[in-house]
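Remarks on the overall topology
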Amino acid sequence: NGATHWNPDVYAPPHAWYHSSDWTDPEAREVEGPVFYSLNLKGRLPQPEGVDIGIRYHFYAGSPVVMVESVTTIGKDMFVKALRNAEVVFNKAVFTKAAFKRDGRTEVLDFAASKMHPDHAVVLRPDTPWVSFFDEAKGVGFAALYLDLATPNLSGGQASLEQPFIYIQHGPWYYVSRGFVYSFATNNQTRMLPVKGGSVYYDRSAWIAFPYPKTGGLGEYLDGRFNGLKFPLAVQED
């Protein structure tokens, strides 16, 4: 559909799979100034019933970083096949490889030799710090840096979670997404999974488009960007 950011989304048959990129009438509020521009979207998804989401995009002057926050709140008990967020989708003509941090090491996935949809090309832990798509020959890259994650329930305890992980998919497109409740990662992909009312799913990421680093290596470059945003030298509020 031309979008880069596709979710939060919910797939609760018999309803169709509904993504925030399908959203046509959210409440929208802009904050614009010389330092930053912010777009805030919020409202209830048309389907299934009782799902509220909010998304905020934050652009800073002179910075390549886009801060992205999303939150999904489940109003009542339901059953789903998929409940996800943090999905970014790209045309296959843009990139040829992906990279990610796993067990302290930078690993590279060549899409020419990867598993293809419906199989996952790569499955990663939910605390993975970053995932990148890139093309060395073109000298271009994109990365999603995963800064914060929270999954409480408004009635206490944790939100419903089943197979929570980050994964990369190679189909007619390349995409990376975070599943919270996701039966497609199990041996029974037709299974409907329970989600308790009051479950909240929050994610804060940083997107960065960058020229592929000619020195120092991709992992070192993205580790530096991640650490600078995750652990700033000083935070002052007034």
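So, here is what we can say about the structure in this document. (Residues numbered from 1 in each chain as written. Predicted model: local features only at pLDDT ≥ 70, side-chain atom pairs only at ≥ 80, totals over all residues. Heavy atoms only, no water.)

A word on the pairing of strand β17 (residues 200-211)
- In terms of residue burial, β17 counts as a mostly covered element, since nine of its 12 residues are buried.
- Here nine bridges tie strand β6 (residues 65-74) to β17, and the two strands are oriented antiparallel to one another. For Val 68, the partnering residue across the bridge sits in β17 and is Ser 205.
- As paired strands, strand β13 (residues 140-150) and β17 are joined by 10 bridges and run antiparallel to one another. (Buried < 20%, exposed > 50% of the residue type's maximum accessible area, 1.4 Å probe, protein only. Helix = DSSP H or I, 4+ residues; strand = E, 2+ residues; numbered from the N terminus. Pairing = 2+ DSSP bridges.)

A closer look at the sheet that holds β6
- Read from one edge of the open sheet, nine strands run β3-β4-β5-β6-β17-β13-β12-β9-β10, paired in antiparallel fashion. Each having just a single partner strand, β3 (27-32) and β10 (105-110) make up the two edges of the open sheet. With direction set aside, neighbouring strand axes in the sheet form an average angle of 15°.
- Taken strand by strand, helix α1 (residues 218-230) contacts β6, β9 (97-102), β10, β12 (130-135), β13 and β17, and its axis lies near 35° from that of β13. (Axes fitted to C-alpha atoms, helices over the stretch in contact; angles between N-to-C directions. Contact = heavy atoms within 4.5 Å.)

Focus: α1
- Here α1 contains 13 residues, and its C-alpha end-to-end distance of 18 Å stays within 8% of the 18 Å for a straight helix at 1.5 Å per residue.
- Along α1, the residues that are buried comprise Leu 218, Gly 219, Tyr 221, Leu 222 and Phe 226. Seen along its axis, α1 keeps its buried residues to an arc of 165°; they face one direction. (Expected span 1.5 Å × (residues − 1). Arc of directions from axis to C-beta.)

Describing the nonpolar core
- Counting residues in each nonpolar core, the largest one holds 43 residues, and the members touching the most others are Leu 83, Phe 133 and Ile 168.
- Setting aside chain neighbours within four positions, we find Phe 133 in contact with Phe 90, Phe 95, Lys 97, Ala 98, Phe 111, Val 140, Gly 141, Phe 142, Ile 168, Tyr 174, Tyr 175 and Val 176.
- Within the second largest apolar cluster, 15 residues are counted, among which are Met 67, Trp 130, Ile 208 and Phe 226. (Core = buried A, V, L, I, M, F, W, Y, C linked by side-chain atoms within 4.5 Å.)

Digging into the pattern of salt bridges
- Evaluated as defined, the whole model comprises 13 salt bridges.
- The closest approach of N and O atoms between Arg 84 and Glu 87, which form a salt bridge, is 2.9 Å. Grouping residues by exposure puts Arg 84 and Glu 87 together as buried.
- Salt bridges sharing common partners tie together Asp 9, Arg 84 and Glu 87. (Salt bridge = Lys/Arg side-chain N within 4 Å of Asp/Glu carboxyl O.)

A few points about the packing of aromatic side chains
- Summed over the entire model, instances satisfying the criterion amount to 22 aromatic pairs.
- Members of the aromatic cluster, joined through ring pairs, are Tyr 11, Trp 17, Phe 165, Tyr 167, Trp 173, Tyr 175, Tyr 182 and Phe 184.
- Directly above the aromatic system of Tyr 146 lies the positively charged group of Arg 178, at a separation of 5.3 Å from the ring centroid. (Phe/Tyr/Trp six-rings, centres within 6.5 Å; stacked < 30°, edge-to-face > 60°. Lys NZ or Arg CZ within 6 Å of the ring centre and 35° of its normal.)

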